[in-house]
Amino acid sequence: FKSTHQKMKYTPINSDFYKKKRKELALKLKQDSVAVINSNFAMYKSGDQEYKYRQNSDLFYLTGIEQAETILFMYSDAEKKEKYNEILFISERNPAMETWTGERLSKEKAGKISGIKIVMWSSEFENYFENSIYYRRNIYLNLNEYFKFSPEVITKDQIFVKEIKSKFPLHRFERLNPLITGLRLRKEPEEISQIKKAISITNSAFERVLKFVKPGVYEYQVEAEITHEYISSGANGHAYDPIVASGKDNCILHYIKNDKKCNSGELLLLDFGADYGGYTADCSRTIPVNGKFTERQKEVYNSVLKVFREAVKLIKPGTTINKINKKVEKLIEEELLLLKLLTQEEIKKQDKDKPAFKKYYMHGNSHFMGLDVHDVGTKDTVLKAGMVLSCEPGIYIVDEALGIRLENDILITETGQVDLMANIPIEADEIESLMN
């Protein structure tokens, strides 16, 4: 795999942030330990073309380095034997290759971005690692342990785990991921700043869409408007494949074909978010293609908005996503009764494992956010100040080709929460006004 060079079209976080995070991680390591984190591979698309590079989120979180063929090596902080307790390995510069792909990081530049004083070439890693490991008892290895992560393409970290366990079978191996997850869950002010920038760009994209959408435009043209705003504003692009779903397709939760014509009388469901400096925004809005909700569309829309307003209040310290989901499901059930989509009799006779509301609301209300749009953390993680979560209730009525989802990003504070997307239009009347 070829090495993708570091790009800097956004304002990066200061290296002091990465120093602090590595220090916090080092203090969590057992004495007499080392830890290793590998970058993601650069992946081929076809011939000599690569997919746009995306760094291993854990490595980026600890170094700010976006370049492939990068390795972070750390000693446990409890040891005072070492003159330095961290080394960054990067791919060696190749002038001939740089003629084609652009300048790669120098040792000096990599050190400045990451705040790591000792930078070596990746080709030197194997020899250095093997010489160091003989005097250590524990080896911390990193794997993506997110419960939905099951790629068919093996990662560099997975390959490394297999190789090291074979070479050093008598060492004690430890999991690094839970330690990094504990750090990543709570966002520092520098991270909140990046997320806010991603949200601001997402807001601008939505305002652009409100002026653009009308009967006859295609979903992919709406996506292009969003993309234009992202790229021209310095974002890395989309944080995830955007959903631009009109008509009956707005009842498909992860619809990404975005190839249909938007017709008058239909709703257009948008699920989109910018990636700025590696940090993500995640926003959902549902708008009328012709700029005017029908009476029924507005009725359902306001039901979802009502649930959304109450759901935001539930995102606060001390609870969990599972507990929030249970309460939001009850709120949805109440609205489905008012909309005459469910009856008390159906609820009374429902199978507890297949509740009646699931016909119209199939997903959860929240997920963690940060470097990944579905960031680290579980549904039973106790919420604390500094965590950022989505809030995204919805109602999907397939028989009426009427799907509505509203989603904002919420920062938990010591006393409650702050809606980071409060400035993005969400009231039905405001959306109609802006579209007209």
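Cut-offs used in this document
Going along each chain's sequence as written, the residues are numbered from 1 onward. Restriction of local features to residues with pLDDT of at least 70 applies here, the model being predicted, together with a cutoff of 80 or more for giving and counting side-chain atom pairs; totals for whole chains, interfaces and linings are based on all residues. Working from all heavy atoms in the structure, the side-chain values ignore hydrogens and water. Using a 1.4 Å probe on the protein chains alone, a residue whose accessible area is under 20% of its type maximum counts as buried, one over 50% counts as exposed, and one in between counts as partly exposed. Strands here mean DSSP runs of E at least two residues long; helices mean DSSP runs of H or I at least four residues long; both are numbered from the N terminus. In what follows, a contact means two residues having at least one pair of non-hydrogen atoms within 4.5 Å. Two strands pair under a simple rule: DSSP has to find at least two bridges between them. Helix axes use the C-alpha atoms of the stretch in contact, all axes being lines fitted to C-alpha atoms, and the angles between their N-to-C directions lie in the range 0 to 180 degrees.

A. Geometry of helix α7 (residues 177-184). Here α7 lies mainly inside the structure; 6 of its 8 residues are buried. When α7 is considered as a whole, its buried residues turn out to be Asn177, Leu179, Ile180, Thr181, Leu183 and Arg184. Buried residues belonging to α7 abut α1 (15-28), β1 (33-38), α2 (57-63), β7 (138-141) and β8 (172-175).

B. Quick peek at the sheet that holds strand β4 (residues 71-75). Spatial strand order, β6-β5-β4-β1-β7-β8: 6 strands in an open sheet with mixed pairing. The strands lining the two open edges of the sheet, one partner per strand, are β6 (119-121) and β8. Across the sheet, the mean angle separating the axes of adjacent strands is 25° when strand polarity is ignored. With 5 bridges joining them, β1 and β4 adopt antiparallel strand pairing. The partner of Ile37 across the bridge, within β4, is Leu72. Its contacts with the sheet put α1 on β4, β5 (86-90) and β7, and the angle it makes with β4 is roughly 50°. Against the sheet, helix α4 (residues 107-114) engages β5 and β6, with an angle of about 135° to β6.

C. Quick peek at the environment of Thr202. In this fold, Thr202 is placed in helix α8 (residues 189-212). Exposure remark for Thr202: the relative accessible area of 0% places this residue in the buried category. C-alpha separation for the pair Thr202 and Gly273, spaced 71 residues apart in sequence, amounts to 5.6 Å. In contact with Thr202, not counting residues within four places along its chain, are Tyr230, Phe272, Gly273, Ala274, Ala281 and Cys283.

D. Region of interest: the sheet that holds strand β14 (residues 283-288). Strand order across the open sheet formed by 3 strands is β10-β11-β14, with antiparallel pairing between neighbours. Either end of the sheet is taken by a strand with one partner, and the two such strands are β10 (243-246) and β14. When the angles between neighbouring strand axes are averaged without regard to direction, this sheet yields 10°. Here strand β11 (residues 267-272) pairs with β14 via 6 bridges, running antiparallel. Residue pairing in the sheet places Leu267 in a bridge with Pro288 of β14. Across the sheet, helix α9 (residues 219-232) is in contact with β10 and β11; its angle to β10 comes to roughly 150°.

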